[in-house]
Amino acid sequence: MNPIAKAREAVTHSAHTVPNRRAGGHDTAPNSGRDPVLALRGAAVRVGGRTLWSGVDLRIGSGEFTAVLGPNGVGKSTMIKVLLGALPAAAGEVRVLGTRPGQANDRIGYLPQRRSFDASLRIRGVDVVRMGLDGDRWGVPLPFPSARRQAARARVDEVIELVGASAYAHRPIGQCSGGEQQRLLIAQALIRRPELLLLDEPLDSLDLPNQSAVAALIGRISHQEGVSVVMVAHDVNPILHHLDRVVYLAEGGAAAGTPEEVITSGTLTRLYGTPVEVLRTSDGRLVVVGQPEAPAVHTDRHSGGPS
Ligand SMILES: Nc1ncnc2c1ncn2[C@@H]1O[C@H](COP(=O)(O)OP(=O)(O)OP(=O)(O)O)[C@@H](O)[C@H]1O
Ligand SMILES: [Mg+2]
């Protein structure tokens, strides 16, 4: 396989803005500003004949940073699939950017759950970022190809600078560290100026300093650039100080609200139906003790996420 085809295959399941699923001709009005970015009411999801979660109520406003938490296999990545319209909700109502899931996907940046690029991959970080532009669907229609190329190049540079990746963006992505690759993928997800970023475990496999740095970057994108972020995470601590909201998923239900409301012994004990203790360390970190792992055998952890 030639290097470009190999790279395209490698980024197929990486960050990108996702194509729209405009099934009907209606219900596609842009978000008026009054609508929440995300609104779930009594939402439930079923896969393989099994209900993963149900009765989920959630409203997320513009520019908010929300974490989706819960044990392996509980349905966090599946929730992202529902938000993208790749899987219908089994019950309840789901609205994304003021419309039905899948209808506003060109206003969403998406980073699937993944590991890293093959070390032998020669394509440069800057080219991976540029792939997020997806050719003609991007931006204002410019009359001349040269003007389009120039605008594209400027946006690539801008977004690489925003994520602090300028120093290594011209290196082959396979030679970048996990944290560097994650920043480049976030840049790719941001390139088309999405209103909503869906990030599935972007801190996975990063060391603690990199987790903090990438968490701070995502917090900045949310609060300074005004992009709403929904991020799946395993550990709330690296993002705790940047978060506006958390959603804890459990078999059968969910608890949503501010971190102070949700991450308490009482709320999590009620949610998981088993004693859960939330301890706060002297440096402000939270330790959740007794949260059960879901009994399900988890098979798709690093298979590339929703498709
Ligand atoms: N298409 C499918 N058919 C049957 N079962 C599925 C399907 N997709 C996902 N599942 C199952 O649904 C459950 C939830 O999967 P999901 O990937 O959403 O979990 P998760 O919370 O993201 O877990 P992790 O933290 O390990 O990434 C798992 O048990 C998974 O095997
Ligand atoms: Mg997952």
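From a predicted model like this one, the values you see are computed outputs, not experimental measurements.

Reading guide: rules and limits
Residues numbered from 1 in each chain as written. Chains lettered and ligands numbered in written order. Predicted model: local features only at pLDDT ≥ 70, side-chain atom pairs only at ≥ 80, totals over all residues. Heavy atoms only, no water. Donors = N, O, S within 2.8 Å, 3.2 Å for Na, K, Ca; no water. Helix = DSSP H or I, 4+ residues; strand = E, 2+ residues; numbered from the N terminus. Buried < 20%, exposed > 50% of the residue type's maximum accessible area, 1.4 Å probe, protein only. Expected span 1.5 Å × (residues − 1). Arc of directions from axis to C-beta. Contact = heavy atoms within 4.5 Å. Core = buried A, V, L, I, M, F, W, Y, C linked by side-chain atoms within 4.5 Å. Polar contact = N/O pair within 3.5 Å; in protein donor to acceptor, adjacent residues only side chain to side chain. pLDDT = per-residue confidence, 0-100. Pairing = 2+ DSSP bridges. Right-handed = clockwise from strand over helix to strand, strands pointing away.

*Asks:* Can you lay out the coordination of the magnesium ion (ligand 2) for me, pointing to particular residues and giving the numbers?
*Replies:* The magnesium ion (ligand 2) binds to the protein through Ser77 (OG) and Gln113 (OE1), with metal-donor distances spanning 2.1 to 2.2 Å. Remark: Gln113 occurs in the loop between strand S6 (108-111) and helix H3 (125-131) and Ser77 occurs in helix H2 (residues 76-83); sequence separation between them is 36 residues. Each member of the pair Ser77 and Gln113 is classed as buried.

*Asks:* How would you explain helix H4 (residues 145-162) if you had to name every residue and give the values?
*Replies:* Helix length check: H4 (18 residues) gives 26 Å between terminal C-alpha atoms against 26 Å at 1.5 Å per residue, within 8%. What H4 keeps buried is the set Ala152, Arg155, Val156, Val159 and Ile160. Mapping the buried residues of H4 onto a view down its axis gives an arc of 130°, with all of them on the same face. Facing away from the buried side of H4 by over 90 degrees, the exposed positions are Gln150 and Glu161. On its buried side, H4 packs onto H3 and helix H5 (178-190). Phi turns positive one or two residues past the end of H4, at Gly164, with a value near 70°.

*Asks:* An account of the nonpolar core is requested, with residue identities and associated values reported.
*Replies:* Within the largest apolar cluster, 58 residues are counted, with the highest numbers of intra-cluster contacts made by Met231, Ile239, Ile263 and Leu268. With six residues, H5 is the single largest residue contributor to this core. Setting aside its immediate chain neighbours within four residues, Ile263 contacts Val236, Leu240, Val246, Tyr248, Leu268, Val278, Leu286 and Val288. Counting residues in each nonpolar core, the second largest holds 30 residues, with Trp53, Leu87, Val96 and Val247 among its members.

*Asks:* Can you tell me about the environment of Asp244, naming the residues and giving the values?
*Replies:* On the secondary structure map, Asp244 appears in the loop between strand S8 (228-232) and strand S9 (245-250). Between the C-alpha atoms of Asp244 and His223, which are 21 residues apart in sequence, the distance is 9.9 Å. When sequence neighbours within four positions are dropped, the list of residues in contact with Asp244 reads Gly63, Glu64, Phe65, His223, Gly257, Thr258 and Pro259. Separated by 2.9 Å, the side chains of Asp244 and His223 make a polar contact.

*Asks:* So what about the confidence of the model for the protein chain? Which residues, and what values?
*Replies:* Averaged over all residues, the pLDDT of the protein chain is 81; the fraction at 70 or higher stands at 79%. Within the model, the stretch residues 21-33 combines pLDDT values under 50 with 27 contacts to residues more than four positions away or in other chains.

*Asks:* Explain the environment of Met231 to me, using residue names and the numbers behind them.
*Replies:* Turning to its location among the elements, Met231 is positioned in strand S8. The buried category is assigned to Met231, whose relative accessible area is 0%. Considered as a pair, Met231 and Leu198 are 33 residues apart in the sequence and their alpha carbons are 5.9 Å apart. Here Met231 is in contact with Phe65, Thr66, Ala67, Val68, Leu199, Pro202, Leu203, Ile218 and Ile239, once residues within four sequence places are set aside.

*Asks:* So what's going on with unusual backbone geometry? Residues and values would help.
*Replies:* Peptide bonds are trans in most cases, and residues, glycine excluded, mostly fall at negative phi. For Leu97, which is not a glycine, the phi torsion comes out positive at approximately 50°. Mapped onto the fold, Leu97 is located in the loop between strand S5 (91-96) and S6. Classification of Leu97 as buried rests on a relative accessible area of 0%. Phi at Arg193 is positive, roughly 50°, even though this residue is not glycine. Mapped onto the elements of the fold, Arg193 is located in the loop between H5 and strand S7 (196-200).

*Asks:* An account of the pairing of S7 is requested, with residue identities and associated values reported.
*Replies:* Judged by how many residues are buried, S7 sits mostly within the fold: five of five residues are covered. Alternating residues of S7 divide into Leu196, Leu198 and Asp200 and Leu197 and Leu199, and every residue in both groups is buried. As defined by bridge partners, S6 adjoins S7 across four bridges and the pair is classed as parallel. The partner of Tyr110 across the bridge, within S7, is Leu198. Note that S7 and S8 share five bridges and pair parallel. If you follow Leu199 over to S8, its bridge partner there is Met231. Each parallel crossover has a hand, and the one from S7 via helix H6 (residues 208-223) to S8 is right-handed.

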